[in-house]
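# Examination of the molecular architecture
Residue strings, one per chain:
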Protein chains: 2
Amino acid sequence: MSTISKVAERAGVSRTTVSHVINHANRVSKPLREKVQAAIDELGYSPNPQAKSLRTGRTNLIAMLIPDIGNPFYTEMVKAAQAALEEAGLDALIYNTDVPGGNWQTHGRDYLRQLSRKRVDGLLVGDFALHGITEELLKLDTPTVFIGHLANQAVDSVKIDDFGGGYMVGEHLARQGHKHVVQVTGPELFESAMARADGFEQALKDNKIRFSRKQRYLGSYLPPSGREAAQWIATLSGDDRPSAVFVGNYLMAMGLLAEFHDQGVRVPKDIAVAIFGDLPQLEYVRPNLTRAGENPGALARRAVEMLLDRLNGKFDGPPRTEVIPCALRIFESA
Amino acid sequence: MSTISKVAERAGVSRTTVSHVINHANRVSKPLREKVQAAIDELGYSPNPQAKSLRTGRTNLIAMLIPDIGNPFYTEMVKAAQAALEEAGLDALIYNTDVPGGNWQTHGRDYLRQLSRKRVDGLLVGDFALHGITEELLKLDTPTVFIGHLANQAVDSVKIDDFGGGYMVGEHLARQGHKHVVQVTGPELFESAMARADGFEQALKDNKIRFSRKQRYLGSYLPPSGREAAQWIATLSGDDRPSAVFVGNYLMAMGLLAEFHDQGVRVPKDIAVAIFGDLPQLEYVRPNLTRAGENPGALARRAVEMLLDRLNGKFDGPPRTEVIPCALRIFESA
DNA sequence: AGACGCATGCAAATGGATTTGTGAATGCAT
DNA sequence: ATGCATTCACAAATCCATTTGCATGCGTCT
């Protein structure tokens, strides 16, 4: 592998000049610049990024912390973030905090600490509602954008309008004439889960539909709990029997639909289903689910924009909080 | 951020000694070691990884090249590979070669070239059957493991037994008494797609079931082509009408099932469906699909093992080629 | 007592690129 | 022709950690 010295020798100039050709082209006269460029091309030279980092203090690395890349919601985010970062010449390091068998409560914090040793230029932290993580974020001296609901405004953040999306679904079900509905939410630890649930219930209230806490099933955001929720729904009979169910995310909906199928429950004939969240793969799920949400990629793209604004000094005010609106899309399921 | 010099000053020793405490602990006497360690802890020091890389020539970075992380097959691989790499203290850089709108034929090659500038310690290259990529691999001086079928044995490689898996499905359908079947394959460029198809057809042949090229639908490995395949199947009537279909991967199966649903075609009543591939999310797809395959995570884990063997000199013979066997899992769809 | 070996700690060289400060050369105006 | 302002190129310092080779001191063996 060739170094800047070899290029300099070959071109008959000093290392400084070679560096200028690469980084401040206009400081070098055209003929000389071309001579140096020729040497660079002949040797197939490219600057050693580690040496460059050492000198400049920038690594061109962004770390992205998410719970689980196997969750399509986060996969979409990663994909979009990577594409956006790559355009800016930055590489992404992805960290799954929810390591199988690991204790995820402490994991996020450990990761945050580990990360400070890696000297990344910026951080994208996905919502995972860890206790103590917000204080930890305050301590960081790395530009950070939090994706999700951040109670203390320690750093920039961007989230989907969970409440609004839940509201849209509630309103839709009300207009469809449903009188008795249930919902399957994510875990209480997740702000997003509670906001979706609250929005949904607010819409019911505004439409004069009775709803009690008993009609809430507290899930985990994962498929098995969707399945369990479906089993719970099967136990409801008489006046308690719902004509529609609102599911808090995609993965639980998959579990729920599978269980309904196995039990011979037909959607929407026997029960209507609407969910929060919009993902590309929903295009091929049948029955096609009525849903409110936004592609997570939009979220990630905005997060990257905010991060880049910080990195290149385009913005340096106090932490910003942004909200991405939801859209309601109606299909056969409800 | 504190440096090794500050630690040395604080502990009243030379930089060398601090370095030894960190990297060759036994070369430093216990009392001194403890004194230095105390200084390290007080200052919260950790070595600058860039400086370390510059000196040692190792970056602790592994690059992973895959077509599209949105494809669950590759998501699983990434997840497993990252977990395995992390255990070894290595970070993974993920590159999606199939950038939207990009020309993927040339992209893979460009990426490979780009990567040589990043100075990663190792490479995991996912199957994407690009022309010219195998020659490019030969030129690399970076330890590499290719995941998929590699015609020239330029580097280590590991793949799933595509042929065997296809064979299992063909045999199963034959035993179920199907006399006329069709199959939906991946693109010709993918060795894996052709191997699955060939295995399938070989099994039919061995079971004396007639099969002609007309019964092959050449898909793209993506959902829309599964949908189109379903439409094609709907046009087959009379003697051409199949009682079963073999689909080459998960994504095309999703498209096919959606189209069947929309057309009112019932699985397995009207037509049986079996696929190649096993992914966690199939657990929640209904009807539950009969399938032959292996979780891509196993593939990735083995690939990482092979790569680590190269990196720490545990193995340095000629390139190895390994094959991971498939298993047949029978469910309601066929 | 002298020679030798071992454990221990340090100074200095090394890796590769960027950047500051300086001197030389050129152009323009007087 | 002289003085001043630019432009251009370079030497050397810097970023931080690792590692080689050397110096010191202590104990052991002959």
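All values derive from a computational prediction rather than experimental measurement. (Residues numbered from 1 in each chain as written. Chains lettered and ligands numbered in written order. Predicted model: local features only at pLDDT ≥ 70, side-chain atom pairs only at ≥ 80, totals over all residues. Heavy atoms only, no water.)

## Let's talk about the domain arrangement of chain A
- Here the domain parsing of chain A yields domain 1 (4-47), domain 2 (58-160 + 297-325) and domain 3 (162-293).
- The C-alpha centroid of domain 3 of chain A is placed 29 Å from the C-alpha centroid of domain 2 of chain A. (Domains from an automatic or database assignment.)

## Concerning the side chain of A:R302
Residues and elements named next belong to chain A.
- Take R302: it is sitting in helix α12 (residues 296-311).
- Reaching out from R302, the side chain makes a polar contact with the side chain of E305 at a distance of 2.4 Å.
- Those residues in contact with R302, other than ones at most four positions away along the chain, are V158, R320, E322 and I324. (Helix = DSSP H or I, 4+ residues; strand = E, 2+ residues; numbered from the N terminus. Polar contact = N/O pair within 3.5 Å; in protein donor to acceptor, adjacent residues only side chain to side chain. Contact = heavy atoms within 4.5 Å.)

## A few points about the protein's contact with DNA strand C
- In the region of DNA strand C, 27 residues are neighbours, and A:I4, A:Y45, A:R55, B:T17 and B:L32 sit closest.
- The sugar-phosphate portion of DNA strand C accounts for 57% of its atoms within 4 Å of the protein, the bases making up the rest.
- The separation between a phosphate oxygen of DNA strand C and a polar side-chain atom of B:T17 is 2.5 Å.
- With respect to DNA strand C, the side chain of B:S29 contributes an N or O atom lying 3.5 Å from a phosphate oxygen.
- Secondary structure elements with two or more residues in the surface near DNA strand C: α2 (15-23) and α4 (49-56) of chain A together with α2 (15-23) and α4 (49-56) of chain B. (Near = heavy atom within 4 Å.)

## Overview of unusual backbone geometry
- For the bond running from B:V267 to B:P268, omega is 5°, close enough to zero to count as cis.
- Inspection of the secondary structure puts B:P268 in the loop between α11 (250-263) and β9 (272-276).
- In the Ramachandran plot, A:R119 falls in the positive-phi region, its phi being about 55° despite a non-glycine side chain.
- Looking at the element boundaries, A:R119 is found in the loop between α6 (104-118) and β3 (122-126).
- Classification of A:R119 as buried rests on a relative accessible area of 17%.
- Of note in this structure, B:K208 is not a glycine but carries a positive phi near 60°.
- Mapped onto the elements of the fold, B:K208 is located in the loop between α9 (191-206) and β7 (216-218). (Buried < 20%, exposed > 50% of the residue type's maximum accessible area, 1.4 Å probe, protein only.)

## Side note on the interface of chain A and chain B
- On the side of chain B, 43 residues touch chain A, which itself brings 42 residues to the contact.
- Area buried by chain A at its contact with chain B is led by A:Q50, A:R119 and A:Y284, which between them contribute 19% of it.
- The tally of links between chain A and chain B comes to 6 salt bridges.
- For the pair chain A and chain B, the interface holds 16 residue pairs in polar contact (both at pLDDT 80 or more).
- Counting only elements with at least two residues in the side of chain A that touches chain B, the list comes to α4, α5 (72-87), β2 (91-96), α6, α10 (223-235) and α11 (250-263) of chain A.
- If one sorts the elements of the side of chain A that touches chain B by residue count, β2(A) sits on top with 6 residues.
- Of the residues contributing to the side of chain A that touches chain B, the split by class is 19 nonpolar, 11 polar and 12 charged. (Buried area = accessible area lost by both parts, 1.4 Å probe. Salt bridge = Lys/Arg side-chain N within 4 Å of Asp/Glu carboxyl O. Nonpolar A, V, L, I, M, F, W, Y, C, P; charged D, E, K, R; others polar.)

## Structural notes on the protein's contact with DNA strand D
- In the vicinity of DNA strand D there are 25 residues, among which A:T17, A:L32, B:I4, B:Y45 and B:R55 approach most closely.
- Restricting attention to atoms of DNA strand D within 4 Å of the protein, one finds that 61% of them are sugar or phosphate atoms.
- Between DNA strand D and B:I4, the relevant distance is 2.3 Å, taken from a phosphate oxygen to a main-chain nitrogen or oxygen of the residue.
- Among the elements of the structure, α2 and α4 of chain A together with α2 and α4 of chain B are those that each provide at least two residues to the surface near DNA strand D.
- In terms of residue class, the surface near DNA strand D is made up of 8 nonpolar, 12 polar and 5 charged.

## Considering the sheet that holds strand β6 (residues 181-185) of chain B
Residues and elements named next belong to chain B.
- The mixed open sheet is built from 6 strands, whose spatial order is β7-β6-β8-β9-β10-β12. The open sheet has two edge strands with one neighbour each: β7 and β12 (327-329). Taking each pair of neighbouring strands and ignoring which way they run, the sheet shows an average axis angle of 15°.
- Sheet analysis places strand β8 (residues 244-247) next to β9, joined by 4 bridges and oriented parallel. Within β9, the residue paired with F246 across the bridge is A274.
- This element, helix α8 (residues 162-175), spans β6, β8, β9, β10 (290-293) and β12 of the sheet and lies at about 165° to β9.
- With respect to the sheet, α9 is in contact with β6, β7, β8 and β9, its orientation differing from that of β6 by roughly 165°. (Pairing = 2+ DSSP bridges. Axes fitted to C-alpha atoms, helices over the stretch in contact; angles between N-to-C directions.)

## Considerations on α12(A)
Residues and elements named next belong to chain A.
- Given a rise of 1.5 Å per residue, 16 residues ought to cover 22 Å, and the 23 Å separating the end C-alpha atoms of α12 matches this to within 8%.
- Along α12, the residues classified as buried are P296, G297, L299, A300, R302, A303, V304, M306, L307, D309 and L311.
- The opening residue of α12 is N295, an N-cap whose side-chain oxygen sits 2.6 Å from the backbone nitrogen of G297.
- G313, located one to two residues past α12, shows a positive phi value of around 70°. (Expected span 1.5 Å × (residues − 1).)

## Regarding the nonpolar core
- Ranked by size, the top nonpolar core spans 149 residues in total, and within it A:L124, A:L256, B:L124 and B:L256 carry the most contacts.
- Once residues within four sequence positions are removed from consideration, B:L124 is found in contact with B:I62, B:A63, B:M64, B:L65, B:A81, B:L85, B:V145, B:A303, B:V304 and B:L307.
- By size, the runner-up hydrophobic cluster in this structure holds 33 residues, among which are A:L115, A:V155, B:V120 and B:L137. (Core = buried A, V, L, I, M, F, W, Y, C linked by side-chain atoms within 4.5 Å.)

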